[in-house]
Amino acid sequence: MAVQTEREPQTVGELVRFWRTQRRLTQTELALDANLSTKHLSFVETGRSRPSRQLLVHLAQHLDLPIAERNRLLLAGGFAPPYLEQPYDGEVMRPLRESLSRLLEAHEPNPALIVDGLWNLIESNRAASLLWDGVDPELLEPPINMLRLGVDPGGMPRISSMTAACNAPLIHRLKRKSREDGDPALAKLVNEVEAYLPDGPPTSRATQPVVSLRLQTRVGEVELFTVIATLGAPLDVTAANLAIETFVPMNLESAARLAELSAHRSV
């Protein structure tokens, strides 16, 4: 027996309708928001009207599409994509890459790293090696995935106080992002790591403002919390997916131990 599967949207009309549905908007709601007639929007979705480049850019903005999907929509309409999509190690990305490398270095002695949209490690500073010193070597096979490293019992839970539950806020945020961006690869990764999360919500009361982890090092315990940043106004698909994660000392003792570890590495 043949099984029918839903076909991936390909045409301009199919893409507009798909993203309108993703954003839980009716035709009337989107038309009002974008200052269009409902009839015109309906004709775009059914293919009876060929939209201009200006209209597609306008709709992409009101649908809040990820920039990769804006490129896809414009290409489907027969127009050049508005955003770059360059490899991180390519020549065009060199100025950004060098600036981010300096940023990672400036975070020393605090661990800092850069990940892509699937949380694969792209680059790190020297201090970041603390985060995987002693983990299961299989988890360090490239590409190193920092999300898996944070939840797998052989990863950071093996060398620190981190548990899978510590990553629950990030995992839930990425799950929401995978739905909003229509990203099947991210959804697949989230489904995989969700299996490590506890079944129910936390029952204990919070005792500190942020989740922290206590990392065992050769000079003593270091307590850290994380700050995750993204680029403010990316014009490239690769750049839009980058995230910089910095591990900041929770107290003066931890800061002093990170400085001591950095001094040992410099010798």
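Quick look at the structure, then. (Residues numbered from 1 in each chain as written. Predicted model: local features only at pLDDT ≥ 70, side-chain atom pairs only at ≥ 80, totals over all residues. Heavy atoms only, no water.)

A few points about the side chain of Arg-20
Okay, so step 1: Looking at the secondary structure, you find Arg-20 in helix α1 (residues 12-22).
Okay, so step 2: Here Arg-20 falls in the buried class, since its relative accessible area comes to 11%.
Okay, so step 3: Contacts of Arg-20, omitting those with residues within four sequence positions, involve Leu-25, Thr-26, Gln-27, Leu-30, Glu-45 and Leu-63. (Helix = DSSP H or I, 4+ residues; strand = E, 2+ residues; numbered from the N terminus. Buried < 20%, exposed > 50% of the residue type's maximum accessible area, 1.4 Å probe, protein only. Contact = heavy atoms within 4.5 Å.)

Observations concerning the pairing of strand β3 (residues 213-217)
Okay, so step 1: Covered by surrounding structure in β3 are Leu-213, Leu-215 and Thr-217 only, the residues Arg-214 and Gln-216 on the alternate face being uncovered.
Okay, so step 2: The pairing of β3 with strand β4 (residues 220-229) spans 5 bridges and is classified as antiparallel. Note that in β4 the partner of Arg-214 across the bridge is Glu-223.
Okay, so step 3: Between the antiparallel neighbours β3 and β4 lie 2 residues. (Pairing = 2+ DSSP bridges.)

Topic: the nonpolar core
In globular proteins that are soluble, nonpolar side chains generally tend to be buried together.
Okay, so step 1: By size, the foremost hydrophobic cluster in this structure holds 37 residues, and its most contacted members are Leu-113, Trp-119, Leu-131, Trp-132, Met-146, Leu-147 and Leu-149.
Okay, so step 2: Aside from chain neighbours lying at most four places away, what touches Leu-131 is Pro-111, Leu-113, Leu-149, Met-156, Ile-159, Leu-215 and Phe-247. (Core = buried A, V, L, I, M, F, W, Y, C linked by side-chain atoms within 4.5 Å.)

As for the sheet that holds β3
Okay, so step 1: The 5 strands are arranged β2-β1-β5-β4-β3 in an open sheet whose pairing can be described as antiparallel. Unpaired on one side and paired on the other, β2 (121-124) and β3 mark the two borders of the sheet. The mean inter-strand angle of the sheet, taken between neighbouring strand axes irrespective of direction, is 35 degrees.
Okay, so step 2: Note that β4 and strand β5 (residues 243-249) share 6 bridges and pair antiparallel. Across the sheet, the residue bridging to Ile-228 is Glu-245, located in β5. (Axes fitted to C-alpha atoms, helices over the stretch in contact; angles between N-to-C directions.)

What to know about the pattern of salt bridges
Okay, so step 1: Applying the stated criterion across every chain yields a total of 8 salt bridges.
Okay, so step 2: A salt bridge links Arg-72 to Glu-69, with the nearest nitrogen and oxygen atoms 3.4 Å apart. Of the two residues, Arg-72 and Glu-69 both sit in helix α5 (residues 67-76), 3 residues apart, roughly one turn of that helix.
Okay, so step 3: Classification of Arg-72 as partly exposed rests on a relative accessible area of 25%.
Okay, so step 4: Ionic pairing is found between Arg-94 and Glu-91, a salt bridge with its closest N-O pair at 2.8 Å.
Okay, so step 5: Through salt bridges with shared partners, a single network forms among Glu-91, Arg-94 and Glu-98. (Salt bridge = Lys/Arg side-chain N within 4 Å of Asp/Glu carboxyl O.)

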